[in-house]
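Next come the chains, spelled out residue by residue.
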Amino acid sequence: YKGGRTNTGGGLRQCQRTLGGASKNDEEKNFIVLVTDGHPTEPPPRSNASKDTLAATSEVEDEGTEIIPVYIRTGDTDKEAERLMKEISTSGRVYDVDNFDLLQDVIGKLLKEIRNCDGDA
């Protein structure tokens, strides 16, 4: 699918609202697994969308939630998208897949890591 609009910042904020804010205690940690092609487009223009995404990232992380991006490459290497994914990632780690068939494997690995998390992603 091509040509859609992506409000990544809005999506991060909505996920945080769904999580109910900050973790209730030190033993619980909230995570958002962000699956994206790395190209936020809302609010336009694209430069505003990237700024809004980074602002939302800060808001979410200020609440104690960790963001784990899964970057689905849609073609040749896109340095701008890769840079944005690293900035979004709480740990700086980005899960990278080049097709949707690999997505299920990556998500499975992520869920195992999150379940075994001792507070460090």
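Refer to the structure above for everything that follows.
Here's what I pulled together on the structure shown here.

## What to know about the packing of helix α1 (residues 8-19) against helix α2 (residues 46-62)
Interhelical geometry of α1 versus α2 gives an angle of 15° and a closest axis separation of 7 Å. When the axis of α1 is compared with that of α2, the two are roughly parallel. Helix-helix and strand crossings are classified by hand; for α1 and α2 the assignment is left-handed. Of the residues in α2, those touching α1 at T8, G9, G10, L12, R13 and Q16 are D52, T53, A55, A56, T57, E59 and V60. Here the residues of the contact of α1 with α2 sort into four nonpolar, six polar and three charged.

## Structural notes on the packing of α2 against helix α3 (residues 79-88)
Where α2 meets α3, the axes come as close as 10 Å, and the angle between the chain directions of the two elements is 20°. On the basis of their axis angle, the class for α2 and α3 is roughly parallel. Regarding α2 and α3, the two cross each other, and that crossing is right-handed. Taking contact as the criterion, the partners of R46, S50, T53, L54, T57 and E61 in α2 are, on α3, E80, L84, E87 and I88. Residues of the contact of α2 with α3, tallied by class, amount to three nonpolar, three polar and four charged.

## A look at helix α4 (residues 100-115)
Look at α4: 23 Å from first C-alpha to last across 16 residues, which is about the 22 Å you get at 1.5 Å a residue. Of all the positions in α4, only L103, V106 and L110 are classed as buried. The arc that holds every buried residue of α4, seen down its axis, measures 75°, which confines them to one face. Away from its buried face by more than 90 degrees, α4 exposes D101, Q104, K109, K112 and R115. Looking at the buried positions of α4, the neighbouring elements they touch are β1 (31-36), β2 (66-72) and β3 (95-97).

Cut-offs applied
Sequence positions are assigned chain by chain, starting from 1 and proceeding in written order. With the structure being a predicted model, the display of local features is reserved for residues of pLDDT at least 70 and the display and counting of side-chain atom pairs for 80 or more, all residues being used for whole-chain, interface and lining totals. Note that water and hydrogens are dropped before the side-chain values are worked out from all heavy atoms of the structure. Comment: axis = line fitted to C-alpha atoms, over the contacting stretch for helices; angle = value between 0 and 180 degrees taken between N-to-C directions. Runs of H or I in DSSP of at least four residues are treated as helices and runs of E of at least two as strands, each being numbered from the N terminus. Throughout this description, any angle smaller than 35 degrees is read as roughly parallel, any larger than 145 degrees as roughly antiparallel, any in the 65 to 115 degree range as roughly perpendicular, and the remainder as oblique. Rotating anticlockwise by less than a right angle from the far helix to the near helix defines a left-handed crossing, while the corresponding clockwise rotation defines a right-handed one. Contacts were defined at the residue level, with two residues in contact if any of their heavy atoms lie within 4.5 Å. We call Asp, Glu, Lys and Arg charged. Ala, Val, Leu, Ile, Met, Phe, Trp, Tyr, Cys and Pro are nonpolar, and the rest, Gly among them, are polar. In this analysis, the expected span of each helix is defined as 1.5 Å times one less than the number of residues it contains. Categorising residues by exposure relies on relative accessible area from a 1.4 Å probe, with only protein chains included: less than 20% of the type maximum marks a residue as buried, more than 50% marks it as exposed, and the intermediate range marks it as partly exposed. Relevant arc is that of directions from the helix axis to the C-beta atoms, nothing else.

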